[in-house]
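What follows is each chain in one-letter form.
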Amino acid sequence: MDLRIFTEPQQGASYDTLLTVAKATEDLGFDAFFRSDHYLRMGDGDGLPGPTDAWITLAGLARETKRIRLGTLMTAATFRLPGVLAIQVAQVDRMSGGRVELGLGAGWYEEEHKAYGIPFPKEKFARLEEQLAIVTGLWATETGKTFDFQGEHYRLSESPALPKPAQTKVPVLIGGLGASRTPRLAAQYADEFNVPFASIEDSERQFGRVRDAARTAGRDADDIVYSNALVACVGRDDQEVARRAAAIGREVDELKANGLAGSPAEVVDKIGRYAATGSSRIYLQILDLSDLDHLELISSQVQSQLS
């Protein structure tokens, strides 16, 4: 089971804070550092010092880290034109020496679009599907040849399809709980399928849908990595768990029901139950980015038992 650190910087984090957490992620032996792609805080609070752009952040971290994978859960298709996104991700992949992964979703948070003047189209899923075709198509185009695409929402003509990523294939992550279109899209494009903030039962059901869609598409369902994203709140004792829950404005019982919360032994046990559904990777949503002791505890007493 791979453990990855997943941050939500729109809630209030500077680049320096993210760099500190990313370096701790690397030093403590975690597999990867991922971040959300949002421009507006959710819930209460002021969100200071303000949002950071996902791909600008990852470009900086690409030069400041050596080992960990870097990526997004999920880049919003509404924020970027697909040709530009392909260039951005390929460049950051080169800057990192081939450690980048692209999580791409349709975009959903209308308020942040209004706040920063970003168009929020009614039909988002069809745009996402075209974006996936374009981004992966540009990367796959042989150097010296051109790429063309004629879709309903995007059109590319004689694109040189440059630059190329450092990796032969940048892993593409698709996620969600949609019952039909999402599994079909994952079967076509995903190297990894992620179920965000869902129960063991819902995760197993959605993984099954993706596996069925892969087989229908003539693809080996085991070619896809299956993963979960879950909030983490781990403590050495009940008091420490309660303190960490209070710091992120959550209740312990709710966190235990809907995430990975409690003692290291409780968390290891629950991760094992997710693993039984076929999940082989967990993105630990860390909401208090000032609490590096939390990461050290997870590394020493949770991750150590999983490996």
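See the structure printed just above.
I will try to describe carefully the structure that is included in this document. These figures come from a predicted structure and were not determined experimentally. (Residues numbered from 1 in each chain as written. Predicted model: local features only at pLDDT ≥ 70, side-chain atom pairs only at ≥ 80, totals over all residues. Heavy atoms only, no water.)

**Points about the environment of Asp46**
Phase 1: Among the secondary structure elements, Asp46 is positioned in the loop between β2 (32-35) and α2 (54-64).
Phase 2: For Asp46, a relative accessible area of 60% gives the class exposed.
Phase 3: Spatially, the C-alpha atoms of Asp46 and Ser263 are 31 Å apart, while their sequence positions differ by 217 residues.
Phase 4: Here Leu48 takes part through its backbone nitrogen, which lies 3.0 Å from a polar atom of the side chain of Asp46. (Helix = DSSP H or I, 4+ residues; strand = E, 2+ residues; numbered from the N terminus. Buried < 20%, exposed > 50% of the residue type's maximum accessible area, 1.4 Å probe, protein only. Polar contact = N/O pair within 3.5 Å; in protein donor to acceptor, adjacent residues only side chain to side chain.)

**A look at the pairing of strand β8 (residues 172-175)**
Phase 1: Of the pairings in the sheet, the one linking strand β5 (residues 100-105) to β8 comprises 2 bridges and is parallel in character. If you follow Leu102 over to β8, its bridge partner there is Val172.
Phase 2: Sheet analysis places β8 next to strand β9 (residues 192-196), joined by 3 bridges and oriented parallel. By the bridge assignment, Gly175 is partnered in β9 with Asn194.
Phase 3: Between β8 and its parallel partner β9, the chain crosses via helix α6 (residues 181-189), and the hand of that crossover is right-handed. (Pairing = 2+ DSSP bridges. Right-handed = clockwise from strand over helix to strand, strands pointing away.)

**Side note on α2**
Phase 1: Among all positions of α2, only Ala54, Trp55, Thr57, Leu58, Ala59, Leu61 and Ala62 are buried.
Phase 2: At its buried positions, α2 is contacted by α1 (15-27), β2, β3 (69-72), β4 (75-76), α3 (82-96) and β5. (Contact = heavy atoms within 4.5 Å.)

**Structural notes on unusual backbone geometry**
Phase 1: The amide bond that connects Leu73 to the next residue, Met74, takes the cis arrangement and shows omega of -20 degrees.
Phase 2: In this model, Leu162 is joined to Pro163 through a cis peptide bond whose omega is 0 degrees.
Phase 3: Positive phi, normally seen in glycine, also occurs at Glu158, with a value near 50 degrees.
Phase 4: Its place among the elements puts Glu158 in strand β7 (residues 155-159).
Phase 5: Taking relative accessible area as the criterion, Glu158 reaches 61% and is therefore assigned exposed.
Phase 6: The backbone of Phe197 shows a phi angle near 50 degrees, a positive value even though the residue is not glycine.
Phase 7: Considering the arrangement of structural elements, one finds Phe197 in the loop between β9 and α7 (200-216).

**Here we look at the packing of α1 against α2**
Phase 1: Running from N to C, α1 and α2 point in directions that differ by 45 degrees, and their axes come no closer than 10 Å. Classified by the interaxial angle, the pair formed by α1 and α2 is oblique. Crossing geometry of α1 relative to α2 is assigned as right-handed. Residue-level contacts link Tyr15, Leu18, Leu19, Ala22 and Lys23 of α1 to Thr57, Gly60, Leu61 and Glu64 of α2.
Phase 2: When its residues are assigned to classes, the contact of α1 with α2 shows 5 nonpolar, 2 polar and 2 charged. (Axes fitted to C-alpha atoms, helices over the stretch in contact; angles between N-to-C directions. Parallel < 35°, antiparallel > 145°, perpendicular 65-115°, else oblique. Left-handed = near helix turned anticlockwise from the far one by under 90°. Nonpolar A, V, L, I, M, F, W, Y, C, P; charged D, E, K, R; others polar.)

**Comments concerning the packing of aromatic side chains**
Phase 1: Taken as a whole, this structure holds 5 aromatic pairs when the rule is applied.
Phase 2: With centroids separated by 5.4 Å and ring planes inclined at 65 degrees, the aromatic side chains of Phe207 and Tyr226 adopt a geometry described as edge-to-face. Placement of the pair is Phe207 in helix α7 and Tyr226 in strand β10 (residues 225-234), with a sequence separation of 19 residues.
Phase 3: Among the residues examined, Phe207 registers a relative accessible area of 1% and is labelled buried.
Phase 4: Through a chain of ring-to-ring contacts, the aromatic side chains of Tyr39, Phe79 and Tyr116 assemble into a single cluster.
Phase 5: One residue, Arg181, lies across the ring of Phe125, its end atom 4.2 Å from the ring centre. (Phe/Tyr/Trp six-rings, centres within 6.5 Å; stacked < 30°, edge-to-face > 60°. Lys NZ or Arg CZ within 6 Å of the ring centre and 35° of its normal.)

**A short note on the pairing of β2**
Phase 1: Of the two faces of β2, the one holding Ala32 and Phe34 and the one holding Phe33 and Arg35 are both buried throughout.
Phase 2: By the bridge criterion, 4 bridges tie strand β1 (residues 2-7) to β2 in an arrangement that is parallel. Following the sheet pairing, Arg4 is matched in β2 by Ala32.
Phase 3: Handedness of the β-α-β unit built from β2, α2 and β3 comes out right-handed.

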